[in-house]
Amino acid sequence: MIAEHDLVERDLAAVWHPCTQMREHPGLLPLVPVVRGEGAWLVGADGRRYLDAVSSWWTNIHGHGEPRIAAAIAEQARTLEHVLLAGFTHPSAIALAEQLLARAPRQAGRDPLAKVFYADNGSAAVEVALKMAFHWFRNRGETERHKFIALHNGYHGETLGALAVGDIPLYRRIYAPLLAEAIFAPSPDAYDARPGQTAEACALEAADVLASLLDVHGQEVCALIVEPLLQCAGGMRMHHPAYLRRVRELCDAHGIFLIADEIASGFGRTGTLFACEQAGIQPDLMCVSKGLTGGFMPLAATLATQAIYDGFLDDSRERAFLHSHSYTGNPLGCAAGLASLAIFDQDDVLERNRTTSMRMGELAKDIAALPHVADARQCGMVVAFELTRDGNKTTPFDPSLRIGLQAYRAALARGVVLRPLGDILYWMPPYCIDDDALAQLADVTATTIREVTACA
Ligand SMILES: *Cc1c(COP(=O)(O)O)cnc(C)c1O
């Protein structure tokens, strides 16, 4: 066994961690060295097991160490580890692009998504979509279309382009002077519904405001970007699919592109392979990443329609889409992606998830009844619990109490990785999680909520 405290000491001497106030390590915020992963579980250097209830930042869908993905990567590594994707191609990049296009959302009467542009992380896939939309209009001489519309409470990544269309103050505020101007429309978030208002009415009300914004700004806009059905980093907030149907119509009416950011919602998380399917709509550009490789390799893709692709065909090099990353279309990532998609078929994952998500919904009922839980909601393989002072939506906890951090520590001490977003606890486990692990997850969640709210 590797001495855990040694690893922590060496780590803190050399590693700067993401999304972390490093001063909180290791006193306030434990740092857990992990040496192995097995299914829904992570194994610490000290041998302790942790249930990965957040799928390691929503990437892992089939479980850690999934042998079919591991074997596909090993085989690819022995054959071809990497080749530049400009002027060259390789069988895994081709096959994965074909598979993604064949499985992408489709809407009768629309030009299907027809081309795949690879990148290596979600933020980059978003940058690609934004740049493609903007550049497409430039190529047509429509230079007045240089703005994006995004939603309040949305999240699209941390690079400056992606942050510009994000609306989470904690990540955005400091960098605001550097960010391109975007137009923000209200979130269709069902949590914000007035008492007695349905989720659908709430979503359509948000769509009405979007329609007015477009009446004013439509001519300056090149694209609208949305996380379909589920605003993840914004607190696992969910909206009615009717919103997406209105958005599709409005984008068409104003001649602007619809970008679906399916980076977190894609690959079965919301119940269908892609969230857009539940609204019966097809975007013009679709970004995928996180679950694309089953959580094994960094890889991302932006899918585009033929019409968008055609807008770059020209005798000018500058009118081509010159964006690139060194690891664009990395073969190891593509091989992992192919293996992950094959597992969807081999194991009938979407069907199995229907049973698993029903069980999650059952287990959530007791937790929803706890006095500090203001809302319990579910979208497919995601369940979220909103904690407030007295279980009322209008009385949030004082942020200085750091209820979420306390919950994180309390659950971790019991061997469960819950990484709350503010005071929102959520379950987003690998799809292979079994009933025993789910029962343990529910048990620890309930205990954690009772513990951290007892003295608040
Ligand atoms: C995580 C995420 C991103 C950014 O992906 P990274 O790989 O972390 O850069 C973008 N959009 C959504 C919806 C995400 O959840």
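Calculation notes
- Residues numbered from 1 in each chain as written.
- Predicted model: local features only at pLDDT ≥ 70, side-chain atom pairs only at ≥ 80, totals over all residues.
- Heavy atoms only, no water.
- Pairing = 2+ DSSP bridges.
- Helix = DSSP H or I, 4+ residues; strand = E, 2+ residues; numbered from the N terminus.
- Axes fitted to C-alpha atoms, helices over the stretch in contact; angles between N-to-C directions.
- Contact = heavy atoms within 4.5 Å.
- Phe/Tyr/Trp six-rings, centres within 6.5 Å; stacked < 30°, edge-to-face > 60°.
- Lys NZ or Arg CZ within 6 Å of the ring centre and 35° of its normal.
- Near = heavy atom within 4 Å.
- Polar contact = N/O pair within 3.5 Å; in protein donor to acceptor, adjacent residues only side chain to side chain.
- Areas by Shrake-Rupley, 256 points an atom, 1.4 Å probe, with all protein chains shown as cover.
- Nonpolar A, V, L, I, M, F, W, Y, C, P; charged D, E, K, R; others polar.
- Buried < 20%, exposed > 50% of the residue type's maximum accessible area, 1.4 Å probe, protein only.

Undergrad: Before we move on, could you go through the sheet that holds strand β11 (residues 285-288) and cite the residues and values that matter?
TA: Strand order in the open sheet formed by seven strands is β4-β12-β11-β10-β7-β5-β6, with mixed pairing between adjacent strands. The strands lining the two open edges of the sheet, one partner per strand, are β4 (113-119) and β6 (182-185). Each strand of the sheet is rotated relative to its neighbour by a mean of 20°, with strand direction disregarded. Running over the sheet, helix α4 (residues 91-103) touches β4 and β12 (300-305) and is turned about 130° from β4. The strands that helix α5 (residues 122-139) touches are β4, β5 (147-151), β7 (221-226), β10 (257-261), β11 and β12; relative to β12, the one it contacts most, it runs at about 25°.

Undergrad: So what's going on with the packing of aromatic side chains? Which residues, and what values?
TA: Tallied over the full model, the rule gives 10 aromatic pairs. In this arrangement the basic side chain of lysine 115 is found over the ring face of tyrosine 309, its NZ or CZ atom lying 4.5 Å from the centre. Cation over ring: lysine 393 sits above tyrosine 191, and NZ or CZ is 4.4 Å from the ring centre.

Undergrad: Tell me what's going on with the site of the ligand, and back it up with residues and numbers.
TA: Within the structure, the ligand sits among Trp58, Asn121, Gly122, Ser123, Tyr155, His156, Gly157, Glu227, Asp261, Ile263, Ala264 and Lys290. Measuring from an oxygen atom of the ligand, one finds a side-chain N or O atom of asparagine 121 at 3.4 Å. In isolation the ligand offers 380 Å² of accessible surface; the protein chains occlude 83% of this area. Within the shell around the ligand, the residues separate by chemical class into four nonpolar, five polar and three charged.

Undergrad: Which residues make up the pairing of strand β14 (residues 382-387), and what are the values?
TA: Burial analysis of β14 places six of its six residues in the buried class, the great majority of the element. Burial of the side chains of β14 extends over both faces: Val382, Ala384 and Glu386 are buried on one face and Val383, Phe385 and Leu387 on the other. Pairing of strand β13 (residues 373-379) with β14, which is carried by six bridges, proceeds in the antiparallel orientation. In the sheet register, arginine 377 faces β14, and the bridge partner there is alanine 384.

Undergrad: Go over the sheet that holds strand β16 (residues 424-427) with me, naming the residues and quoting the values.
TA: In any sheet, the strands associate via hydrogen bonds between backbone groups, in a parallel or an antiparallel arrangement. Spatially, β13-β14-β16 is the arrangement adopted by the three strands of the open sheet, whose pairing is antiparallel. Only two strands of the sheet have a single neighbouring strand rather than two, namely β13 and β16. Direction aside, the axes of adjacent strands within the sheet are offset by 15° on average. Of the pairings in the sheet, the one linking β14 to β16 comprises four bridges and is antiparallel in character. Residue pairing across strands places valine 383 opposite tryptophan 427, the latter belonging to β16.

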